[in-house]
Structures are given as structure tokens and as C-alpha cells.
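Structural characterization, general
The lines below spell out each chain.
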Amino acid sequence: MTDTPARLLSLLSLLQTPREWPGSELAERLDVSPRTIRRDIDRLRELGYPVEASRGSEGGYRLGAGTAMPPLLLDDEEAVAIAVGLRGAAGQAISGIEESSVRALAKLEQVLPSRLRYRVGTLGAATVPLPGTGPAVDPEHLTVFAGAIANTERTRFTYRTGDGTESRRHVEPHRLVAAGRRWYLLGYDLDRDDWRIFRADRISEPRATGGRATPRQPPAEDVAAYVTDKMYSLLPTYSARVTLHAPIGQVAPAIGEGFGELESLDDETCVFHAGTDTLDWLAFRILGLGCEFTVHEPPELIEHLRKMAERAERGASSTVD
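Predicted, not measured: the structure shown is a model, and the values here were computed from it.

Some points on the packing of helix H10 (residues 279-287) against helix H11 (residues 299-317)
Running from amino to carboxyl end, H10 crosses H11 at an angle of 70°, the nearest separation of the two axes being 10 Å. One way to sum up the angle between H10 and H11 is to call them roughly perpendicular. For H10 against H11, the interelement crossing comes out right-handed. Side by side, H10 and H11 meet where Leu-279, Asp-280, Leu-282, Ala-283, Phe-284, Ile-286 and Leu-287 of the first sit next to Glu-300, Leu-301, His-304, Leu-305 and Met-308 of the second. Across the contact of H10 with H11, the residue classes break down as nine nonpolar, one polar and two charged.

Okay, here's the thing in C-alpha cells:
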């Protein structure tokens, strides 16, 4: 790469990843000599970027936290605003930007001066977001794992299972996966010698150990699909078969695509097939169709609808003073 400005931007982009880069690896990435890398590092320092260097066979370069924000990136107010916004996005798991928010937050917090980190922390402590439908996740925990994944580093943390049992875990993090309003960590559990999925809201006291993680083949090429399949396989599943006393053309728009299948019986009736882990979803979906129906299975749905009807009857017959 002979274009110096473009090479400096590429070098800066690599250094913003939270890891230490050996000079030889940077030279190979940018297709230049180690001497050119040393000169480019000096240029970045002259521009105000706090590039740190360590000596020895395992030494290298990394972008550290300086006394001020590096020039041409963000001023103090912008840095605080973006850090707070990224924390909120990471905690709320906004669809489409979850992983990007965590990666960006990890990069930003790596170079924030201490005074700005303090401002971000105090503003976050003083802010109370409206409660969402999912469990709360500490964004700092996510940045610990994001950094460990980038650095190929081992971590230790305390994990609480669904029944409240706590245990210490020694894990090589592989990926963070956002599913709806929840975050999951896929990692290799060294004590159990197997891949494990951890709910991020059940993790406490995470820290990177500095030990290098062993390169491993992940359990699946599509990590998000793997985590989703594993989580759904642990949930109870109900397969519903319901006769709807209405023409298929009448109820099809209300059901929509991806929420079950319709099978026409005759001009006046059809059968609704659906699978889910939530009886409430099935009940409200069927009741919302606005037609008479007969539930054939599962028996749990029949009992659930019966209890709903009893509650509705009691509510309708109560007297309001």
C-alpha cells in the first residue's frame, strides 16, 4: 500500500480493535515493511493518537487511552453522547444494531480518557430507562466479552442457572448473540470441555484473564442459528390443531405469514396448525380471529382457554362502585 494517507487510516482502523498488534502482522496486513510501520506509528503519534508499544518477542502496538480524545474522531461532548447512546442500544437490544453497538462501545471505551469515562458512568447511573420486556444486561459486561473475543482471550465469571445455582466459569468467548431482548454468550467452557451458551443477564463479575484462547472450530457455521435452535430446543413446544368455523379466505389475512398453516376443509371451515412455546400466544391468536372455533389439541390449550373464559366471566359480572 503506497498511498500514505490511506495506509495511515487502515493502520488506525486496525489499532482501534481492542488487541495488541505485532509489528510484523501489521506490516503483513498492509503489505509494507516493518520499518514503514514504525514510521507510520510515529506519524500517528504526531497527530495525537496515543499508540502504545511493548518490547520483546511478544511485543506490539495498541491504541491506548490518552489525556484527550484523539483528533479527527470525536470531541468530549460527542464522545460522551455516543458512549451513552451505545450503552443504551446495547442494553435495549435494538433490532439490527445490537452487535455493532457493543463493538463500537468497546472501541470507544478503550480510548476514553478517565474523566470522560467518569462522566459516562455518572450519567448512566443517574438515568432510569423505561423498563423493557427483556432482562437487563450490564453493557460493561458485554464490552468485556467483546474485547476478549477480539483479543482471543479467556474469561472468568460467575454464572447463575435458571434454578438460582451459581458457579464460577472459565470460558473462551466466541461470539455474542442478540436474540430479541436477550443477549447470549457462546463460548467454550474449559472446565466442562464443551461448548456452552450463557444468558448474559445471568453473568456477574466477568473479567478477562490475559490467557490466550485456543483456536477452535465453532459448533456451527451460523452461530446465530445455532444459538436460536439450542434455546428453542430447551423450551416446551405445543402443536395446536384447531378447526375454525370460517372460510379460509376470511381468516388467512388475520393469521398472516409465518404464524402457522391453514388447511381448507370446505367452503365454511378450515384447520389452523401452529407450533409455539407459549400458550398465551396461541390463545390470543385464536381469539383474535373473530370466529367460532374448536380446539382439538393440545389439551393444555383447552385448559388454558377454559381458565381465561372463567376469568373473563368473573370480570364481566363484577360490580364497579
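Overview of the sheet that holds strand E9 (residues 261-264)
An order of E9-E10-E8-E11 is seen for the four strands of this open sheet, with the pairing classed as antiparallel. Single-partner strands in this sheet number two, and they are E9 and strand E11 (293-297). Adjacent strand axes in the sheet meet at a mean angle of 25° when their direction is disregarded. Here strand E8 (residues 238-244) runs beside strand E10 (residues 270-276); their pairing, made up of seven bridges, is antiparallel. In the strand pairing of E10, Tyr-238 is matched with Thr-276.

Some points on H10
Taken residue by residue, H10 has Leu-279, Leu-282, Ala-283, Arg-285 and Ile-286 as its buried positions. Down the axis of H10, the sector holding all buried residues measures 165°, keeping them to one side. Tucked inside the fold, the buried residues of H10 contact E8, helix H9 (248-255), E10, E11 and H11.

Definitions and limits used
Residues numbered from 1 in each chain as written. Predicted model: local features only at pLDDT ≥ 70, side-chain atom pairs only at ≥ 80, totals over all residues. Heavy atoms only, no water. Axes fitted to C-alpha atoms, helices over the stretch in contact; angles between N-to-C directions. Helix = DSSP H or I, 4+ residues; strand = E, 2+ residues; numbered from the N terminus. Parallel < 35°, antiparallel > 145°, perpendicular 65-115°, else oblique. Left-handed = near helix turned anticlockwise from the far one by under 90°. Contact = heavy atoms within 4.5 Å. Nonpolar A, V, L, I, M, F, W, Y, C, P; charged D, E, K, R; others polar. Pairing = 2+ DSSP bridges. Buried < 20%, exposed > 50% of the residue type's maximum accessible area, 1.4 Å probe, protein only. Arc of directions from axis to C-beta.

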